[in-house]
Each structure stands twice: as structure tokens, then as C-alpha cells.
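What follows is each chain in one-letter form.
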Amino acid sequence: MSKRICLLFLSAFAVCLFLSGCVDQHPEKSTEAYTAQGNGQTGAVEAAREKVIALGRAPRIVATSPAAAQICEKLELNLVGVCSSTAEIPDRYQDLPTIGTAMSPDMEILASLSPDWILSPSSLQSDLQSKYETLNSDWAFLNLRSVPGMYQSIEELGVIFDREQQARELTDEYQEFYQNFQEEIAGKEHPKVLILMGLPGSYVIATEKSYIGSLAALAGAENVYEDQGQEFLTVNTEDMKTKEPDIILRAAHALPDQVAEMFAEDFKTNDIWKHFQAVKDGKVYDLPYEQFGMSATFAYQDALETLKKLLYTKS
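Residues numbered from 1 in each chain as written. Predicted model: local features only at pLDDT ≥ 70, side-chain atom pairs only at ≥ 80, totals over all residues. Heavy atoms only, no water.

Caption draft 1: Geometry of the packing of aromatic side chains. By the definition in use, this model includes 14 aromatic pairs. For the pair W117 and F161, a centre-to-centre distance of 5.8 Å together with 85° between the ring planes defines the contact as edge-to-face. Remark: F161 occurs in the loop between α5 (147–160) and α6 (164–185) and W117 occurs in strand β6 (residues 117–121); sequence separation between them is 44 residues. Three or more aromatic residues link up through ring pairs in this structure, and these residues are Y151, Y174, F177, Y178, F181, F298 and Y300. Directly above the aromatic system of F298 lies the positively charged group of K74, at a separation of 5.2 Å from the ring centroid. (Phe/Tyr/Trp six-rings, centres within 6.5 Å; stacked < 30°, edge-to-face > 60°. Helix = DSSP H or I, 4+ residues; strand = E, 2+ residues; numbered from the N terminus. Lys NZ or Arg CZ within 6 Å of the ring centre and 35° of its normal.)

Caption draft 2: Layout of the pattern of salt bridges. This structure, assessed with the given rule, holds eleven salt bridges. Ionic pairing is found between D116 and R57, a salt bridge with its closest N-O pair at 2.8 Å. Highlighted residues: D116 in the loop between α3 (107–112) and β6 and R57 in the loop between α1 (43–55) and β4 (61–63), separated in sequence by 59 residues. Residue classification places D116 among the buried positions, given a relative accessible area of 14%. Residue R57 is classed as partly exposed on the basis of its relative accessible area, which comes to 43%. (Salt bridge = Lys/Arg side-chain N within 4 Å of Asp/Glu carboxyl O. Buried < 20%, exposed > 50% of the residue type's maximum accessible area, 1.4 Å probe, protein only.)

Caption draft 3: Quick look at a negative patch on the surface. A cluster of acidic residues, E189, E222, E226, D227, D246 and D281, forms a negative patch at the surface. Tracing the sequence through the fold places D227 in the loop between β10 (222–223) and β11 (232–233). On the basis of relative accessibility, which here comes to 65%, the residue D227 falls in the exposed class. (Patch = residues over 30% accessible without salt bridge, like charges linked within 9 Å, V, L, I, M, F, W, Y side chains within 5 Å. Areas by Shrake-Rupley, 256 points an atom, 1.4 Å probe, with all protein chains shown as cover. Lys, Arg positive; Asp, Glu negative; His and termini not counted. Charge placed at Lys NZ, Arg CZ, Asp CG, Glu CD.)

Caption draft 4: Quick look at the packing of α5 against α6. Viewed as axis vectors pointing N to C, α5 and α6 meet at an angle of 160°, and their least axial separation amounts to 7 Å. The angle between α5 and α6 places the two elements in the roughly antiparallel class. Like other packed secondary-structure pairs, α5 and α6 cross with a definite hand, here left-handed. Between α5 and α6, the contacting residues are V147, P148, Y151, I154, E155, G158 and V159 on the first element and E164, A167, R168, L170, T171 and Y174 on the second. Of the residues belonging to the contact of α5 with α6, the class tally is eight nonpolar, two polar and three charged. (Axes fitted to C-alpha atoms, helices over the stretch in contact; angles between N-to-C directions. Parallel < 35°, antiparallel > 145°, perpendicular 65-115°, else oblique. Left-handed = near helix turned anticlockwise from the far one by under 90°. Contact = heavy atoms within 4.5 Å. Nonpolar A, V, L, I, M, F, W, Y, C, P; charged D, E, K, R; others polar.)

Caption draft 5: Geometry of the side chain of Q129. Relative to the helices and strands, Q129 is located in helix α4 (residues 125–132). What makes Q129 buried here is its relative accessible area of 15%. Polar side-chain contacts of Q129 include one of 2.7 Å to the side chain of Q125. (Polar contact = N/O pair within 3.5 Å; in protein donor to acceptor, adjacent residues only side chain to side chain.)

Caption draft 6: Examining unusual backbone geometry more closely. With a phi angle near 60°, D162 is a residue other than glycine that sits in the positive phi range. Its place among the elements puts D162 in the loop between α5 and α6.

Caption draft 7: The pairing of strand β12 (residues 247–252), seen in detail. Counting buried positions along β12 yields six of six residues, so the element is predominantly enclosed. The alternating pattern of β12 places I247, L249 and A251 and I248, R250 and A252 on opposite faces, both of which are buried. Bridge count between strand β8 (residues 192–199) and β12: six bridges; the pairing is parallel. Looking at the pairing, M197 lines up with A251 of β12. One ladder, built from three bridges, connects β12 with strand β13 (residues 284–286); its direction is parallel. Bridge assignment links I248 to a residue of β13, and that residue is V284. (Pairing = 2+ DSSP bridges.)

Caption draft 8: Inspection of the packing of α6 against helix α11 (residues 300–312) at higher detail. In the contact formed by α6 and α11, the axes pass within 12 Å of each other and the chain directions differ by 5°. If you check the angle between α6 and α11, you find them roughly parallel. Residues E173, Y174, F177, F181, E184 and I185 of α6 lie in contact with α11, whose contacting residues are Y300, Q301, L304, E305, K308 and Y312. Partitioning the contact of α6 with α11 into residue classes produces seven nonpolar, one polar and four charged.

Caption draft 9: Region of the structure containing the environment of L144. By secondary structure assignment, the location of L144 is in the loop between β7 (138–142) and α5. With relative accessibility at 3%, the residue L144 sits in the buried group. L144 sits 151 residues away from S295 along the chain, and the two C-alpha atoms are 5.1 Å apart.

Here it is, written out as C-alpha cells:
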């Protein structure tokens, strides 16, 4: 079996962003780890770039999630396949073969497309990597757990697929937007927030490790469940009450109308909620589903503008 490369884009949620990669060499299955700072033109990323150049043609790429497809569209990359999704897929890719959902791609269809590269979100790595290893393809799991992570992945893809100019333009746009955003919230008192992520019938706590939690952190909010080491927690309402958040934010993992009804019913019938100061103050907000999903997208600007209004408006 030929030597193949797998890349895992992992960025720290900080000003300095990091890339961790691995070179997966078959059949020996030995793994060599790389860590790089900056634009990542070393180690696994440079090896991936060389493999793309060696093809001598445009690589055949499949994006297995809407967010990955949107990044590819921004980088002006051609694809040979995309995921099936109710979320928006760029017009550029509307007529392409679909390979199933992001969480459960059809491996027979995926194999039939003979992709050179498969791009997926890193949140699904544990579910998908073993499946990808059965294909004669390379793959990259993109860090879409935060906006900085998304832009670091964009820069790495720019290096690999000869789209460095497009990647730099996108990154410059982000940096200019966020600098202006920080200036707008400078000097304001940053509130404590409790973030609930719901599915019909249940909900969990979103920490700063989740995408929605990272957005709140970018907006200057203090997550009452910080430094937890995981994206989501299952916590009882009594423990939530001890945190006494200034604001409660509610979001939907899926089926937003049903989730909104569930939250409304729970806050109405569960007696403990009326004791939260945020509830007494009327500072409980349902976040727009199209802005606050599970993965970082280019809707982050609208999401941050929404948070700015909710976090810093007095009434």
C-alpha cells in the first residue's frame, strides 16, 4: 500500500495558533508527530503540499460537511463531491454527487469518486478516520471548534492546495473585523454567561471549548463553566444556580423550532429557573440557529454582532 498522509488541524484558542499533524505511513502504521507555529509550511503540511504537486493535476477533493464546503468555495477549490445536508451548500457545488451526511458518509459512494483528499471537521475524527483508512486517499480534519481554528485551517489548506493568496485575504479580513469588534467592546463590563445547547427532549452545557462557547469568549463573555477540558457537560440545574450567570444563552444543535419550544416549556415548568437572577432580569435569549451551529462558519461575524447586542445592551 502506498504511503499516505493524514493531517489533523488543531488550533489553540489564543492569539498564537498551533498546528498538530501526523504522517500515517502504511502498512507499518508508524506515526511521526509535528508541531508548527505560524503559517505551518513545515512538517506534515509541507509534505501534503508536495504530494499535491506530485499529482501533476488538480487534486480530486471531497468536502464531507457544509462548513468544509464553504471553506473550499472561499478558497476557489473545485470539488468532486459534497455532503448531503439541509444546510446551505455553495452554488458552485450544487450539481456535484453527494456522499451522505457529515456524520455518516456513504463509503461506497465516497470510494467511487476516487478522491485524492477528503476534508472533514475534526469533531468527527474519532468516527471517520478508521473509515478513511480503508480508502486510497489522504484526508484532513479541520479545526472548526473556533473561529481562530477555522482560519488556521484555511491557511494550512492554502499552503497545501496552492491557494495562499486567497487564504491570506480571508485571514486579513478576519483580523480587520475582529480588531474593530474588540475596539467596540473595549471598556465594557463583561458578563457571566450560561450557554445551553439543546436537542428536543434534552440539553447540555456548552463550555468555552465548544464553537458556541468560543464565540462567546471572542465577544468578551465569561463562561460560568470554563476550563472544563471538554466541549459539553451534563449538569443539573442546582449546580447551574450556584454559578449565578448574568445572562443565559440558549441554542439548538438541530430542529431549532422544537428546541425553542422545549426550552420555553422547561423554563416555565421547572421551578428552579425562576430563582435565577438572569431569569428575573429577563436576560434569557434564544440564539439564531443559522448563526450558532456546531462548527465554525463564515456566519461568525453576524453571530458576534448578535452577541454584542445581547451581552452589552442594558435593557
